[in-house]
Amino acid sequence: MEPENHTTVTEFILLGLATNPEVKLLLFAVFLAIYTTTMIGNLLIASLVASEPLLHTPMYFLLGNLSFLDFCYATITAPKMLVGFLSRTNTITYGGCVSQIFFFHFIGGIKIFLLTIMAYDRYVAIFYPLRYMAIMNGTTCGGLVWASWIGGFVHSIVQVAIVVQLPFCGPNVLDNFYCDVPQVVKLACTNTFVVELLMVSNNGLVTLMCFVVLLVSYSILLAKLRAGSAPGRSKALSTCASHITVVTLIFGPCIYIYTRPFRSFPMDKAVAVLYTLITPVLNPFIYTLRNKDFKSALEKLKGKMPKLTL
Ligand SMILES: *[C@@H]1O[C@H](CO)[C@@H](O)[C@H](O)[C@H]1NC(C)=O
């Protein structure tokens, strides 16, 4: 047993994406625009789903929840990153760093479980159309959403519990724009082989297993849809296509980052930008641009707007 916890590092330095001041200013403008769009798009979807009776079905409830989570996810990393573009050195306290890791994996975990639930929802809708409403009733849907929050919490707290035990005795420069397990673990003044193995199995296995489940279920669904000739077929196909796009966008980078031992590769930061900031901004467009129900809900909202502002 160690008598004292020998953490001496009180803050970490985030190197960020660029060092050149002009490049930083340019990136600030670009990412401010992306983050603003993420906030508006996702909050709009979440509030449309909550307020519009037309969208009160399990599928849209799940989409609304996903949008809300995307908004949270971007909010964990983007503000700190934006501040970093405007300051010479971007530091984050030890506590801030640990909370960032916690929320990053908490929300990320929920998102991954939620995507798996969304696949289950489509599976029931396509294979048991007549019993769909009975199977995916409010209680089941709400229960599944709760379960994904609990799953995300467990997934995240396990990693945070390991990270806070690590001793940090000096090196404190993180080559990233937010705190995440791979970079932080590398700075610990101890042999981290076992820790890395635990982290890779936690993150890697969760993502890989959900991904395989999702791939298999969407393949079965697509096969079923191609064989059928039901009237709702093309709508179901386009729904599945947008789900598959989002699943690939989220899982591809996750698998790239987490299923290997923590060594850095040149593409790491680009991939991190992709899944922390680009995917959350794309989701609203992928789902809403092609969806009739969302479009008519938006039209309705626009109709109400003038009354609200006058
Ligand atoms: C999230 O899902 C729950 C349970 O289905 C639902 O009641 C709630 O309205 C959803 N939230 C949003 C923002 O869509």
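None of these values were measured; they are calculated from a predicted model.

### Description of the overall build of the protein
Counting secondary structure elements, the protein contains 10 helices and 3 strands. Starting at the N terminus, the α and β elements of the protein follow one another as β-α-α-β-α-α-α-β-α-α-α-α-α. Its C-alpha atoms give the protein a radius of gyration of 21 Å, near enough to 19 Å, the size a compact globule of 310 residues would have. Projecting the C-alpha coordinates of the protein onto the three principal axes gives extents of approximately 65 × 50 × 35 Å. By residue count, 47% of the 310 residues in the protein fall in the buried class. Here the analysis covers contacts within the protein between residues at least 6 apart in sequence; of these, 79% occur between residues at least 24 apart. Each charge sign in the protein was given a centre, from 21 positive and 13 negative side chains, and these centres are 15 Å apart.

### Let's talk about the site of the ligand
Looking at the ligand, the residues that line it are A46, V49, F61, G64, N65, C141, G142 and V145. Contacts to the ligand include F61, whose backbone N or O atom sits 3.5 Å from an oxygen atom. Contact with the protein chains hides 70% of the accessible area of the ligand, taken as 360 Å² for the molecule alone. Elements represented by at least two residues in the shell around the ligand include exactly α1 (21–51), α2 (58–86) and α5 (138–163). Of the residues in the shell around the ligand, the class split is 5 nonpolar, 3 polar and no charged.

### Section: the sheet that holds strand β1 (residues 11–14)
Backbone-to-backbone hydrogen bonds pair the strands of a sheet. The strands run either parallel or antiparallel. The mixed open sheet is built from 3 strands, whose spatial order is β2-β1-β3. The open sheet terminates on both sides in strands that have one partner only, identified here as β2 (90–93) and β3 (173–174). Summarising the sheet, β1 and β2 pair through 4 bridges and their orientation is antiparallel. Residue pairing across strands places I13 opposite T91, the latter belonging to β2. Along the sheet, helix α3 (residues 94–127) makes contact with β1, β2 and β3, crossing β2 at roughly 85°.

### Brief notes about the nonpolar core
One finds F12, F31, L115, F168, F251 and Y275 to be the most contacted residues of the largest nonpolar core, which totals 92 residues. Each residue touching L115, except ones within four places of it in the same chain, is listed here: L66, L214, V246, V247, I250 and F251.

### Quick notes on the side chain of T77
Inspection of the secondary structure assignment puts T77 in helix α2. With residues near it in sequence (within four places) discarded, T77 still touches Q100, F104, Y178, T276 and L277.

### Things to note about the confidence of the model for the protein
Taken over all residues, the pLDDT of the protein has a mean of 87, while the share at 70 or more is 94%. In the model of the protein, helix α10 (residues 292–309) stands out as the element of lowest mean pLDDT, 76, in contrast to α5, which has the highest, 94.

### Looking at the environment of G204
Relative to the helices and strands, G204 is located in helix α7 (residues 193–227). Note on G204: relative accessible area 5%, which makes it buried. Taking the C-alpha atoms as reference points, G204 and Y258, 54 residues apart in sequence, are found 5.2 Å from one another. In contact with G204, not counting residues within four places along its chain, are M199, Y258 and T259.

Parameters at a glance
- Residues numbered from 1 in each chain as written.
- Predicted model: local features only at pLDDT ≥ 70, side-chain atom pairs only at ≥ 80, totals over all residues.
- Heavy atoms only, no water.
- Helix = DSSP H or I, 4+ residues; strand = E, 2+ residues; numbered from the N terminus.
- Rg over C-alpha atoms; globule rule 2.2 N^0.38 Å.
- Buried < 20%, exposed > 50% of the residue type's maximum accessible area, 1.4 Å probe, protein only.
- Contact = heavy atoms within 4.5 Å.
- Lys, Arg positive; Asp, Glu negative; His and termini not counted.
- Charge placed at Lys NZ, Arg CZ, Asp CG, Glu CD.
- Near = heavy atom within 4 Å.
- Polar contact = N/O pair within 3.5 Å; in protein donor to acceptor, adjacent residues only side chain to side chain.
- Areas by Shrake-Rupley, 256 points an atom, 1.4 Å probe, with all protein chains shown as cover.
- Nonpolar A, V, L, I, M, F, W, Y, C, P; charged D, E, K, R; others polar.
- Pairing = 2+ DSSP bridges.
- Axes fitted to C-alpha atoms, helices over the stretch in contact; angles between N-to-C directions.
- Core = buried A, V, L, I, M, F, W, Y, C linked by side-chain atoms within 4.5 Å.
- pLDDT = per-residue confidence, 0-100.

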